[in-house]
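Residue-level structure breakdown
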Amino acid sequence: MSLQAEKKKRNWIIFIVLLLGIIVINFPIIWIFFTSIKPKEFIESTTPVWLFKPNFAHYAGLFSHEGEFNFFLYFSNSLIISISATFLAMFIAYPAAYSIARYRTLGDNYSFFVLSIRMIPPIIFIIPISILFALYRLTDTRIGIILIYLTFNIPFACWIIKSFIEDIPEDLERAAYMDGYSHLQVMTKIIFPLTKSAVAAVAIICFIFSWNEFLFALILSFIKSVTLTAGAAQFVTGYGIRWGMISAATVIAIIPTIIVGLIGQRFLVRGLTMGAVK
Amino acid sequence: MSSIKLKDIWKIYGHEVEAVRNLQLDIKNGEFVSLLGPSGCGKSSTLRMIAGLEEITKGNLYFDDTRMNDIEPGDRNLSMVFENYALFPHMTAYDNIAFPLTVRKFNRIEIDKRVKEISNLLDLDDLLNVLVVSCGGGEKQRIGIARAFIRKGEALLMDEPISHLDYELRMRTRGELARLQRLMEITTIYVTHDQAEALAMSDRIAVLNFGELQQFGTPEELYDSPENLFVAGFIGEPPMNFIPCTYVRQSDGHRFYTENMGFDIKLNGNKGKLIDEKYNGRNVVFGFRPHEVEIVSEANRDGNTITKAAVFNFEPGCEHSYVLAKICDIDVLFECPQNVRVYENKTVYIDIISKNFHVFDRESGKSILTRQNSS
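Residues numbered from 1 in each chain as written. Chains lettered and ligands numbered in written order. Predicted model: local features only at pLDDT ≥ 70, side-chain atom pairs only at ≥ 80, totals over all residues. Heavy atoms only, no water.

Side note on the overall build of chain A
- Assigned secondary structure in chain A consists of twelve helices and two strands.
- For chain A, the N- to C-terminal ordering of α and β elements is α-α-α-α-α-α-α-α-α-α-α-β-β-α.
- Considering only C-alpha atoms, chain A reaches an extent of 75 × 75 × 30 Å along its principal axes.
- Total accessible area on chain A is roughly 15800 Å²; 73% of this is exposed by carbon and sulfur atoms.
- Side-chain charges of chain A comprise 21 positive and 14 negative groups, with the mean position of each set lying 7 Å from the other. (Helix = DSSP H or I, 4+ residues; strand = E, 2+ residues; numbered from the N terminus. Areas by Shrake-Rupley, 256 points an atom, 1.4 Å probe, with all protein chains shown as cover. Lys, Arg positive; Asp, Glu negative; His and termini not counted. Charge placed at Lys NZ, Arg CZ, Asp CG, Glu CD.)

Focus: the pairing of strand S7 (residues 155–159) of chain B
Residue and element names in this part refer to chain B.
- With five of five residues buried, S7 lies mostly within the body of the structure.
- Of the strand pairs in this sheet, strand S6 (residues 78–81) and S7 are connected by four bridges, and their pairing is parallel. Bridge pairing in S7 links Val81 to Met158.
- By the bridge criterion, four bridges tie S7 to strand S8 (residues 188–192) in an arrangement that is parallel. Considered in S8, the bridge of Leu157 is made with Ile189.
- One crossover worth recording links S7 to the parallel S8 by way of helix H5 (residues 167–184), and it is right-handed. (Buried < 20%, exposed > 50% of the residue type's maximum accessible area, 1.4 Å probe, protein only. Pairing = 2+ DSSP bridges. Right-handed = clockwise from strand over helix to strand, strands pointing away.)

Concerning the packing of aromatic side chains
Residues and elements named next belong to chain A.
- According to the stated counting rule, one finds 24 aromatic pairs over all chains in the structure shown.
- Here Tyr94 and Phe192 contribute two aromatic rings whose centre-to-centre distance is 5.2 Å and whose plane-to-plane angle is 80 degrees, an arrangement assigned as edge-to-face. A residue pair is termed long-range when its members are at least 10 positions apart, and Tyr94 in helix H4 (residues 71–103) and Phe192 in helix H9 (residues 183–212) qualify at 98 residues.
- Between Phe152 and Phe216, the aromatic rings sit 5.5 Å apart at their centres with planes inclined by 50 degrees, giving tilted as the arrangement. On the criterion of sequence distance, the pair formed by Phe152 in helix H7 (residues 142–166) and Phe216 in helix H10 (residues 215–220) is long-range, its members being 64 residues apart. Judged on exposure class, the residue Phe152 and its partner Phe216 are both buried. (Phe/Tyr/Trp six-rings, centres within 6.5 Å; stacked < 30°, edge-to-face > 60°.)

Topic: the packing of H7(A) against H9(A)
Residues and elements named next belong to chain A.
- In contact at an axis separation of 10 Å, H7 and H9 are set at 150 degrees when each is read in the N-to-C sense. When the interaxial angle is binned, H7 and H9 end up roughly antiparallel. Here H7 runs over H9; the crossing is right-handed. Where H7 approaches H9, its residues Tyr149, Phe152, Asn153, Phe156, Ala157, Ile160, Ile161, Phe164 and Ile165 are matched on the opposing element by Ile191, Thr195, Ala198, Val199, Val202, Ile205, Cys206, Phe209 and Ser210.
- Residue composition of the contact of H7 with H9, by class: 15 nonpolar, three polar and no charged. (Axes fitted to C-alpha atoms, helices over the stretch in contact; angles between N-to-C directions. Parallel < 35°, antiparallel > 145°, perpendicular 65-115°, else oblique. Left-handed = near helix turned anticlockwise from the far one by under 90°. Contact = heavy atoms within 4.5 Å. Nonpolar A, V, L, I, M, F, W, Y, C, P; charged D, E, K, R; others polar.)

Here's the deal with the interface of chain B and chain A
- Across the boundary between the two partners, chain B contributes 23 residues, which contact 15 residues of chain A.
- For the pair chain B and chain A, the summed buried area comes to about 1500 Å², and 70% of that belongs to carbon and sulfur atoms.
- For A:Asp179, the salt bridge identified is with B:Arg104, shortest N-O distance 2.9 Å.
- Between chain B and chain A we count three residue pairs in polar contact (both at pLDDT 80 or more) in total.
- Listing elements by their share of the side of chain B that touches chain A, those giving two or more residues are helix H1 (43–51), S6 and helix H2 (93–103) of chain B. (Buried area = accessible area lost by both parts, 1.4 Å probe. Salt bridge = Lys/Arg side-chain N within 4 Å of Asp/Glu carboxyl O. Polar contact = N/O pair within 3.5 Å; in protein donor to acceptor, adjacent residues only side chain to side chain.)

A word on the side chain of A:Asn77
Residues and elements named next belong to chain A.
- Positionally, Asn77 belongs in helix H4.
- Asn77 sits in the buried class, given a relative accessible area of 0%.
- Looking at Asn77, its side chain comes within polar contact range of the main-chain oxygen of Lys224, at 2.8 Å.
- Excluding anything up to four places from it in sequence, Asn77 contacts Arg142, Lys224, Ser225, Val226 and Thr227.

What to know about the nonpolar core
- In terms of nonpolar packing, the biggest core is built from 104 residues, with A:Ile161, B:Ile4, B:Leu61 and B:Leu157 touching the most fellow members.
- Filtering out sequence-adjacent residues up to four positions away, B:Leu157 remains in contact with A:Met178, B:Leu47, B:Ile50, B:Ala51, B:Leu78, B:Ser79, B:Met80, B:Val81 and B:Ile189.
- B:Tyr85, B:Ile97, B:Ile111 and B:Leu156 belong to the second-largest nonpolar core, a separate cluster that totals 34 residues. (Core = buried A, V, L, I, M, F, W, Y, C linked by side-chain atoms within 4.5 Å.)

A closer look at the packing of helix H8 (residues 170–178) of chain A against H9(A)
Residues and elements named next belong to chain A.
- Across the interface, H8 lies against H9 with an axial gap of 10 Å and an inter-helix angle of 135 degrees. Taken together, the axes of H8 and H9 are oblique relative to one another. Here H8 and H9 pass one another in a crossing that is right-handed. Contacts between H8 and H9 involve Leu172, Glu173, Ala176 and Tyr177 on the former and, on the latter, His183, Val186, Ile190, Ile191 and Leu194.

Here we look at the sheet that holds strand S9 (residues 204–209) of chain B
Residues and elements named next belong to chain B.
- A sheet is described by the order of its strands in space; here six strands give the open sequence S6-S7-S8-S3-S9-S10, paired in mixed fashion. Among the strands making up the open sheet, the edge pair consists of S6 and strand S10 (212–217). Each strand axis lies, on average, 15 degrees off the axis of its neighbour in the sheet, ignoring direction.
- Along the sheet face, H1 touches strand S3 (32–36), S6, S7, S8 and S9 and points at about 150 degrees away from the line of S7.
- Along the sheet, helix H4 (residues 137–149) makes contact with S6 and S7, crossing S6 at roughly 175 degrees.

Observations regarding the environment of B:Asn77
Residues and elements named next belong to chain B.
- The topology assignment puts Asn77 in the loop between strand S5 (66–67) and S6.
- Between the C-alpha atoms of Asn77 and Asn345, which are 268 residues apart in sequence, the distance is 61 Å.
- In this view, Asn77 contacts Arg151, Gly153, Glu154 and Ala155; residues no more than four positions away in its chain are not counted.

Here's the deal with the sheet that holds S5(B)
Residues and elements named next belong to chain B.
- Strand order across the open sheet formed by four strands is S2-S1-S4-S5, with antiparallel pairing between neighbours. The outermost strands of the open sheet, each flanked by one partner alone, are strand S2 (17–27) and S5.
- Here strand S1 (residues 4–13) runs beside strand S4 (residues 58–63); their pairing, made up of five bridges, is antiparallel. For Leu6, the partnering residue across the bridge sits in S4 and is Leu61.

A few points about unusual backbone geometry
All names here are of chain B.
- Residue Glu237 is joined to Pro238 through a cis peptide bond whose omega torsion reads -5 degrees.
- Along the polypeptide, Pro238 turns up in the loop between helix H8 (229–234) and strand S11 (241–250).
- For Asp64, which is not a glycine, the phi torsion comes out positive at approximately 50 degrees.
- Checked against the element boundaries, Asp64 lands in the loop between S4 and S5.
- The exposure class of Asp64 is partly exposed, given its relative accessible area of 36%.

In structure tokens, the structure reads:
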């Protein structure tokens, strides 16, 4: 066998292995998609049904305000909350990270303390936060949910961005100071452009976290600030779980994260490996 | 352009780390001064204090007669070249070079003219539109130098600008820097740990160690009359040899000997060097440079300035060879002409060329030689 043919064969083997991997990893998503287009009677059958006539009744049900489910409200809530929580987090975390990285603000261990917020299981916060929310009338408001997501996104973003800023030689800033840049100008015009891809990567992760968050959205909202994930929980009813509807809602909910992921893919790879390859 | 004066400058990090101690420097207008010392000696801290990038803990900094302590770095009107280039990676070479002018809002035509001029001088014309990340080390530093020279400020500060370059490039850039500095006649402070670099480029050198100024003088002064052991050992390649011994004053000169008499030489005192009477019979350190000895044949072994050395290593070289030997168990290194072959584990006799010896107080490390004609 010629060298080229052998190489070709090897590539095929790699391709098949990768394909199998992709199928295994994505199996839940594929299953959900199939569930969403299955007729109701097939969904709950004890033996999996592979061949059926696809039917989009569940999707239609989502948009027709069937029951309590208000798709457009939930979708716009999810969108507004996730985008705001992401942008605000970046806006607050970036200067904080810069300050911690360059000026050792609040001591050497502060950044670890900030991150440690993320180490506590979120459910522990639920009771005090529900009380606080009731007290300040934040329950069932978008602002309330945004605030909650910020408390998760800011420490994470701050921690990651901080380590990227630390990787940039300080002499770069000194060079800019020598020519009269202010601290703010150095941060926005010198350091920010150099950490752009890290910021994009972190923003994408924050967005996906906010979009997918379920627990707080479920507990702290009733009608007005229900997000898509919390809304889908309505299909777990007293009469049984409506798998078809949940699956349809899930499939639609996945779409924006896929879009964001595709757009941001190159930033994700570059941003998260930037420190490693330098 | 201005003179720079450092008066009683201290830099203390935290509460105890004294990086710079009571530094006095008076740098003249247009002068090229090097701050030389091993790492951690305070040279970079000093430079950054002059730049305004670090606060001065105590003392005063003057440009001409203006006190500069509280002036922001951007308002001090200085340019700086950094060790790791400090170029902005997201900009092209052109934008980097033009940066000091763009920030100061020069008009576009003027900027363009000056960038072209300086890049022509530094042979950077072909690189102007390239992103600096794709340039090599030497090119990056030339861009850094161009950025510093594009604007004639009060002074130019350089922090080990060429230490990351390989040998050949370093030699070339060194020449280029010195040439540009003379061309622009700009006051320059150059930080380096490489004594050869400092000796080659500077008008005057300030040698620092442990945050203290050891000596401030011309390259010749530092080399010919080092004020203490540190300067003597730091300047010159290979470094000076030191032999701890006892000094005795004699009617016709100086005698230096070790307890076991393994080293015992008498030098003529009338050749321009005097030692204070009070050191008579005291412990001193005798110093001589590796090239200031001559190997003599065994027949001449009895001269006053001749001593015995046990060779333990011989390094042949192209121009001259190096001999590593022990005089009374003290390692010394000296040069011998290329045509002389010395054998390991043999004893040789060396003549210390008497006019260029150095003597230091063993406790303080200060030089105790005074030149006859200077005092």
